[in-house]
Amino acid sequence: MDGEKMRERLVQAREFIGYNRKSFADALGMSYRTVTNYENGSREPGHDYLIKVADFCGCTTDWLLGLSDDPRNNASHESEEDLLKKRLLSVCEVLNGEAVEKVIAYAHDLSYNPKNQKRGENKRADSTCRYDEEIGFR
């Protein structure tokens, strides 16, 4: 196992999904200092951390360890869309209720524009929003 390669790949995995160290640490439920120490080589991460990072970032532990050149070889094969949804949920976990409501309203507004919809789908989030109104979210 190449320690330098592992440190580089920990950073690459985090940056690939668009996180800075602070938000990544928060998303993983760890301290900023711990993530920083692992990424700069001050401490060597244990297998629990590597598994958590691999799962969260959609790569393999073999790739993180430098044992494979393919980050997704035998990984869970989550689609890019699934990884983006995971990022969105992770960000929402640190938001208060009011901020989450704003995210939902913004996503709902985006759903009305055909260019934001999936190909072949002509659906909007109307039913969800009617439900939101019924339970008092709007």
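Structure: see above.
Just so we're clear, the structure is a prediction, and the values are computed from it rather than from any experiment.

*Asks:* Requested: an account of the overall build of the protein, with residues and values cited.
*Replies:* Secondary structure summary: the protein contains eight helices and zero strands in total. Shown N-terminal to C-terminal, the secondary structure of the protein runs as helices and strands in the order α-α-α-α-α-α-α-α. Counting the 138 residues in the protein, one finds 30% classified as buried. Of the contacts made within the protein by residues no fewer than 6 positions apart, 50% connect residues no fewer than 24 positions apart. As presented, the protein carries roughly 9,300 Å² of accessible surface, and 49% of it is formed by carbon and sulfur atoms.

*Asks:* Talk me through the packing of aromatic side chains; I want residue IDs and the actual numbers.
*Replies:* What the rule picks out here adds up to four aromatic pairs. Within the aromatic cluster, the residues linked to one another by ring pairs are Tyr-19, Phe-24 and Phe-56.

*Asks:* Tell me about the nonpolar core, and name the residues and values.
*Replies:* Ranked by internal contacts, the top residues of the largest apolar core, which has 20 residues, are Leu-10, Phe-24, Tyr-49, Val-53, Cys-57 and Leu-64. Of all elements in the fold, only helix H1 (3–16), helix H2 (21–28), helix H3 (32–40), helix H4 (47–57) and helix H5 (61–65) reach the threshold of two or more residues within this core. It is H4 that provides the largest number of residues to this core, a total of six residues. Sequence-distant contacts of Phe-24, defined by excluding residues within four places in its chain, comprise Arg-14, Ile-17, Tyr-19, Val-35, Tyr-49, Val-53, Phe-56 and Cys-57.

Conventions adopted
- Residues numbered from 1 in each chain as written.
- Predicted model: local features only at pLDDT ≥ 70, side-chain atom pairs only at ≥ 80, totals over all residues.
- Heavy atoms only, no water.
- Helix = DSSP H or I, 4+ residues; strand = E, 2+ residues; numbered from the N terminus.
- Buried < 20%, exposed > 50% of the residue type's maximum accessible area, 1.4 Å probe, protein only.
- Contact = heavy atoms within 4.5 Å.
- Areas by Shrake-Rupley, 256 points an atom, 1.4 Å probe, with all protein chains shown as cover.
- Phe/Tyr/Trp six-rings, centres within 6.5 Å; stacked < 30°, edge-to-face > 60°.
- Core = buried A, V, L, I, M, F, W, Y, C linked by side-chain atoms within 4.5 Å.

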